[in-house]
Amino acid sequence: MIKRLAHVCIGATDLAETERFYRDMLGMEKAFDFFRAGLQIGFYLKAGESTFIEVFAANAQPEIVCPLIKHFCLEVEDLDAICEALQSKGVDVSARKLGGDGAWQAWITDPSGVRIELMQYSEDSSQFSGRPVNLDA
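Bear in mind that the values here come from a model prediction, so they are computed numbers and not experimental data. (Residues numbered from 1 in each chain as written. Predicted model: local features only at pLDDT ≥ 70, side-chain atom pairs only at ≥ 80, totals over all residues. Heavy atoms only, no water.)

A. Spotlight on the sheet that holds strand β6 (residues 97-98). Here four strands make up an open sheet; going across it, the order is β5-β8-β7-β6 and the pairing mixed. Where the open sheet ends on each side, the last strands, each with one partner, are β5 (72-75) and β6. Against the sheet, helix α2 (residues 79-88) makes contact with β7 (104-109) and β8 (115-120), and its axis sits at roughly 20° relative to β7, the strand it touches most. (Pairing = 2+ DSSP bridges. Helix = DSSP H or I, 4+ residues; strand = E, 2+ residues; numbered from the N terminus. Contact = heavy atoms within 4.5 Å. Axes fitted to C-alpha atoms, helices over the stretch in contact; angles between N-to-C directions.)

Dropping the structure here:
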């Protein structure tokens, strides 16, 4: 049986800049590096408990026409506080809004163009209640 999502793998057009963004802007801790022929080609980031983000250097510029993975989401405890902290570091953060699922959300983009949703669940969130979300409203 499935236990949990273990990791999400993303590409990076600039490995050092991507590491700086996740470490210095989001406060994530690097778990370990990947090396090939003595060169760093990627790394793992801790995303809470036993969940990780795996990052590998991209061999080509991304073509983001119709990606199959649209974004990944990081659960946060205090959305207002993290948005304020990121903005103070110069990160462009979208306006905070309540999603149709009853969870608060804001959006950022990493240096390679990967979209990241920051989410703070509420007691009313569909993720806990199972309430269906009508996206037509």
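B. Representation of the environment of Glu54. Relative to the helices and strands, Glu54 is located in strand β4 (residues 52-57). A sequence separation of 20 residues divides Glu54 from Phe34, and the C-alpha atoms of the two residues are 9.7 Å apart. Ignoring any residue separated from it by four or fewer positions in sequence, one finds Glu54 in contact with His7, Val8, Cys9, Ile10, Phe34, Phe43 and Tyr44.

C. Region of the structure containing the pattern of salt bridges. What the rule picks out here adds up to seven salt bridges. A salt bridge links Asp24 to Arg23; the shortest N-O distance between them is 2.8 Å. The class for Asp24 is partly exposed, based on a relative accessible area of 35%. With a relative accessible area of 36%, Arg23 lands in the partly exposed category. Sharing partners across several salt bridges, the network here consists of Glu19, Arg23, Asp24, Lys30 and Asp33. (Salt bridge = Lys/Arg side-chain N within 4 Å of Asp/Glu carboxyl O. Buried < 20%, exposed > 50% of the residue type's maximum accessible area, 1.4 Å probe, protein only.)

These figures capture arrangement, not role.
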